[in-house]
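So the chains spell out like this:
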Amino acid sequence: MTATLTVVVPCYKERDNVAPMVAALDAALTGIAWEVVFVDDDSPDGTAAAARALAQHDARVRCIKRVGRRGLSSAVIEGALSSSADYVAVIDGDLQHDETRLPLMLAAVRDGADMAVGSRHVAGGDSSGLSSPMRVKLSETGIRVAQMMTRTSISDPMSGFFLLRREMFEELAGRLTGQGFKILLDLILASPQRLNITEIPYKFRPRTAGESKLDVLVLAQFAGLLLDKLLGRSVPLRFISFALVGVFGVLINLVVLQVARGAGVDFTTAQAIGTVVAMVANFQLNNQLTYRAQRLKGAKAWRGLVLFLLVCSLGAYANIGIARALYAENGHSLLAGAAGAAVGVVWNYAVSATLVWRVR
Ligand code: GDD
Ligand code: MN
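Read on for an overview of the structure. (Residues numbered from 1 in each chain as written. Chains lettered and ligands numbered in written order. Predicted model: local features only at pLDDT ≥ 70, side-chain atom pairs only at ≥ 80, totals over all residues. Heavy atoms only, no water.)

Notes on the overall build of the protein chain
Thought 1: Within the protein chain, the regular secondary structure consists of 12 helices and 7 strands.
Thought 2: A principal-axis box enclosing the C-alpha atoms of the protein chain has dimensions of 75 × 40 × 40 Å.
Thought 3: For the protein chain, the residues scored as buried account for 47% of the 360 residues in total.
Thought 4: When contacts within the protein chain are restricted to residue pairs at least 6 apart in sequence, long-range pairs at least 24 apart make up 77% of them.
Thought 5: Carbon and sulfur atoms make up 61% of the accessible area of the protein chain, which amounts to about 17,800 Å² in all.
Thought 6: Each charge class in the protein chain can be summarised by its mean position, and for the 37 positive and 30 negative side chains these summaries are 6 Å apart. (Helix = DSSP H or I, 4+ residues; strand = E, 2+ residues; numbered from the N terminus. Buried < 20%, exposed > 50% of the residue type's maximum accessible area, 1.4 Å probe, protein only. Contact = heavy atoms within 4.5 Å. Areas by Shrake-Rupley, 256 points an atom, 1.4 Å probe, with all protein chains shown as cover. Lys, Arg positive; Asp, Glu negative; His and termini not counted. Charge placed at Lys NZ, Arg CZ, Asp CG, Glu CD.)

Structural notes on the pattern of salt bridges
Thought 1: Tallied over the entire structure, the rule returns 15 salt bridges.
Thought 2: Notably, a salt bridge pairs R60 with D26, separated by 2.9 Å at the nearest N-O pair. Within this pair, whereas R60 is found in the loop between α2 (47–55) and β3 (61–65), its partner D26 is found in helix α1 (residues 15–28), the two being separated by 34 residues in sequence.
Thought 3: Under the relative-accessibility criterion, D26 is labelled partly exposed at 36%.
Thought 4: One salt bridge connects R66 with D41, and the closest N-O pair in it is separated by 2.7 Å. Of this pair, R66 sits in the loop between β3 and α3 (72–81) while D41 sits in the loop between β2 (34–40) and α2, and the two are 25 residues apart along the sequence. As far as burial versus exposure is concerned, R66 and D41 are alike and both buried.
Thought 5: In this structure, a network of salt bridges that share partners links the residues D41, R66, R69 and E78. (Salt bridge = Lys/Arg side-chain N within 4 Å of Asp/Glu carboxyl O.)

Quick look at the packing of helix α9 (residues 237–262) against helix α10 (residues 267–290)
Thought 1: It is the contact of α9 with α10, at a shortest axis distance of 7 Å, that shows an interaxial angle of 150 degrees. Regarding the angle of α9 to α10, the classification is roughly antiparallel. Between α9 and α10 the crossing geometry is right-handed.
Thought 2: Within the contact of α9 with α10, the residues separate by chemical class into 15 nonpolar, 10 polar and 2 charged. (Axes fitted to C-alpha atoms, helices over the stretch in contact; angles between N-to-C directions. Parallel < 35°, antiparallel > 145°, perpendicular 65-115°, else oblique. Left-handed = near helix turned anticlockwise from the far one by under 90°. Nonpolar A, V, L, I, M, F, W, Y, C, P; charged D, E, K, R; others polar.)

Looking at the coordination of the manganese ion (ligand 2)
Thought 1: The coordination sphere of the manganese ion (ligand 2) contains the protein donors D94 (OD) and Q96 (OE1), at a distance range of 2.0 Å.
Thought 2: For Q96, a relative accessible area of 9% translates into the label buried. (Donors = N, O, S within 2.8 Å, 3.2 Å for Na, K, Ca; no water.)

Focus on the packing of aromatic side chains
Thought 1: Scanning the entire structure with this criterion turns up 8 aromatic pairs.
Thought 2: Seen from their ring centres, F308 and W357 are 5.8 Å apart, and the 70 degrees between their planes marks the pair as edge-to-face. Of this pair, F308 sits in helix α11 (residues 298–330) while W357 sits in the segment after α12 (333–355); the two residues are 49 residues apart in sequence, bridging distant segments of the chain. When sorted by exposure, F308 lands in the same class as W357, which is buried.
Thought 3: Connected via pairs of aromatic rings, a cluster forms that spans F283, Y291, F308 and W357.
Thought 4: Taking NZ or CZ as reference, R70 lies 3.6 Å from the ring centre of Y12, over its face.
Thought 5: Positioned over the ring face of F204 is R120, at 5.2 Å from the centre of the ring. (Phe/Tyr/Trp six-rings, centres within 6.5 Å; stacked < 30°, edge-to-face > 60°. Lys NZ or Arg CZ within 6 Å of the ring centre and 35° of its normal.)

Some details on the site of ligand 1
Thought 1: The local shell around ligand 1 holds 28 residues, among which E14, D92, D94, M158 and K213 are the closest.
Thought 2: Within the backbone of C11, an N or O atom sits 3.3 Å from a nitrogen atom of ligand 1.
Thought 3: Interatomic distance of 3.0 Å between a backbone N/O atom of V39 and a nitrogen atom of ligand 1.
Thought 4: Taking 730 Å² as the accessible area of ligand 1 by itself, protein coverage stands at 98%. (Near = heavy atom within 4 Å. Polar contact = N/O pair within 3.5 Å; in protein donor to acceptor, adjacent residues only side chain to side chain.)

Considering α3
Thought 1: Counting buried residues in α3 gives 7 out of 10 residues, a clear majority hidden from the surface.
Thought 2: All buried positions along α3 are accounted for by S73, S74, A75, V76, I77, G79 and A80.
Thought 3: In this structure, the buried residues of α3 make contact with β1 (5–11), β2, β3, β4 (87–90), α6 (166–173) and α7 (183–190).

A short note on the layout of surface pockets
Thought 1: Quantified by volume, the second largest pocket comes out at close to 880 Å³.
Thought 2: Those elements that provide at least two residues to the lining of the second largest pocket are α9, α10, α11 and α12.
Thought 3: By residue class, the composition of the lining of the second largest pocket is 15 nonpolar, 12 polar and 1 charged. (1 Å grid on protein atoms, 1.4 Å probe; cavity = no way out; pocket = protein on both sides within 12 Å on 5 of 7 lines; lining within 4 Å. Points joined across faces, edges and corners; volume = space filled by probe spheres on them.)

Comments concerning the packing of α3 against α6
Thought 1: In the contact formed by α3 and α6, the axes pass within 10 Å of each other and the chain directions differ by 130 degrees. Compared by their axis directions, α3 and α6 come out oblique. Handedness of the α3/α6 crossing: left-handed. Facing V76, I77, A80 and L81 of α3, the residues of α6 in contact are R166, F169, E170 and A173.
Thought 2: Broken down by class, the residue content of the contact of α3 with α6 amounts to 6 nonpolar, no polar and 2 charged.

As for the sheet that holds strand β7 (residues 197–201)
Thought 1: Reading across the sheet, the 7 strands line up as β3-β2-β1-β4-β6-β5-β7 and stay open at both edges, with mixed pairing between neighbours. At either end of the open sheet lies a strand with only one pairing partner, and these are β3 and β7. Geometrically, the sheet is characterised by an average inter-axis angle of 20 degrees between neighbouring strands, direction not taken into account.
Thought 2: Across 3 bridges, strand β5 (residues 115–119) lies against strand β6 (residues 162–165) in antiparallel orientation. Each bridged residue has a counterpart across the sheet, and for V117 the counterpart in β6 is F162.
Thought 3: Strands in contact with α1 are β1, β2 and β3; relative to β2, the strand with the most contacts, it is inclined by about 160 degrees.
Thought 4: Where α6 meets the sheet, its contacts fall on β4 and β6, and the angle it forms with β6 comes to roughly 90 degrees. (Pairing = 2+ DSSP bridges.)

Structure follows, in C-alpha cells:
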C-alpha cells in the first residue's frame, strides 16, 4: 500500500532518537498509511546509518542523506519533495514535538484547512520544553516579529511542526528561501494567498537525547530570512549578508587603526594592520554566516582565506582606482568614495562567491 502521509523528519546528530521516533509514529498513526523520511546531513554520529538499519526491515522508513550541505529548512524541502503521498507532515527528530497530534492535524487538513500547525501558544499548548528563560524570551520576540511580517494572527509562526497537502508544498517550493531554521514561516511568506491555518495545541517536550542546534548564527539567519522577504528578493540574501559583514569589517578596521595609533604605530602601518585584520575577520564571518551551507573547513579554509585576501585586495585596488578617477573628474570626495566602495563590494562578492566558496 502506498503512503497517504509522509512524515518528514529533519535530523542532525539524532542517532539515539531515530528508533524511538519510528516507534512513536507507529503508535500514533494507527489506521493511517504513513511513511517516514529522515533527512540527515551526514551527521558524524551515524544518524543515517541508524535510519537505514530500520529501513531494511520496515518499508515505511526511508532516509535521505545529504552530503556537503547543512540546514534544517532545506532538509525539510528535500524530504517533502521526495514524497508521493497526498499529505506531508514535518516534525522534529528529537521527540520534542507531540506526534500523537498528527491524526488531528491530518483531519483538519482533510476538512479543508490549507495547513495544520502544531502550536505551543494556543489554549492547551505549552512551551515548557524550552531549555532556558533566555530561549523563552528569544522565542517570544521572534514570534512577534514573524506575526508582524506575515500579518497573520497565528500564534506560533515559528513552529517546526505542521502538516499540509503535498501538492501545496510543491506549489510553494519554488518560492522558498530555504535558509535557516524557519521553514513554516518561509512557506507562509511564500504563499500568494492568505493561508487558512488551523492551529492544534501541543506540549513542547524537553529533549532527552542529543542537543539543540540553535545558536547565534541560526538567529542571524532568521534575521536574514526576514530581510530577504522584506526586500522582495530583489537583492540576493547572500549579498546582504556579505555587505553587512563588510560594514562590520570597516568597524574592525577603524578600531584596530585607533588601537595601533595609540600604541605609537605610524598611520600607514596602522591602517595596513587594520585592513588585514578586518579582511581575516570578514573571511571568518562570511565562512560561518554567509556561506554557512558550504562552509570551508581545514586545509580548504586556509586556501580559501588566502584567495579571499587576494580577491579583496584586488577589490580595494579597484575601489581606490575608481574613486580617484571620479574625484579627479568632479572633485566630490564623498560621491567618489561611495562609488569606489560600491564597485569594491560588488567585485568582492561576485568573485569570492565563485572562486572562494564556489557557489553554483
Ligand atoms: N538535516 C538537518 N540539518 N536537520 C537539522 C539541522 C540541519 O542542519 N539542524 C537541526 N536539525 C534538526 C534537529 O536534528 C532536530 O530534529 C530539528 O531539526 C530541530 O532542531 P533543534 O536543534 O532540536 O531545534 P530546537 O529544539 O531549538 O527548535 C525546534 O523547535 C521549535 C519550536 O517548535 C525547531 O524545530 C524549530 O523550527 C521550532 O520552531
Ligand atoms: Mn529540539
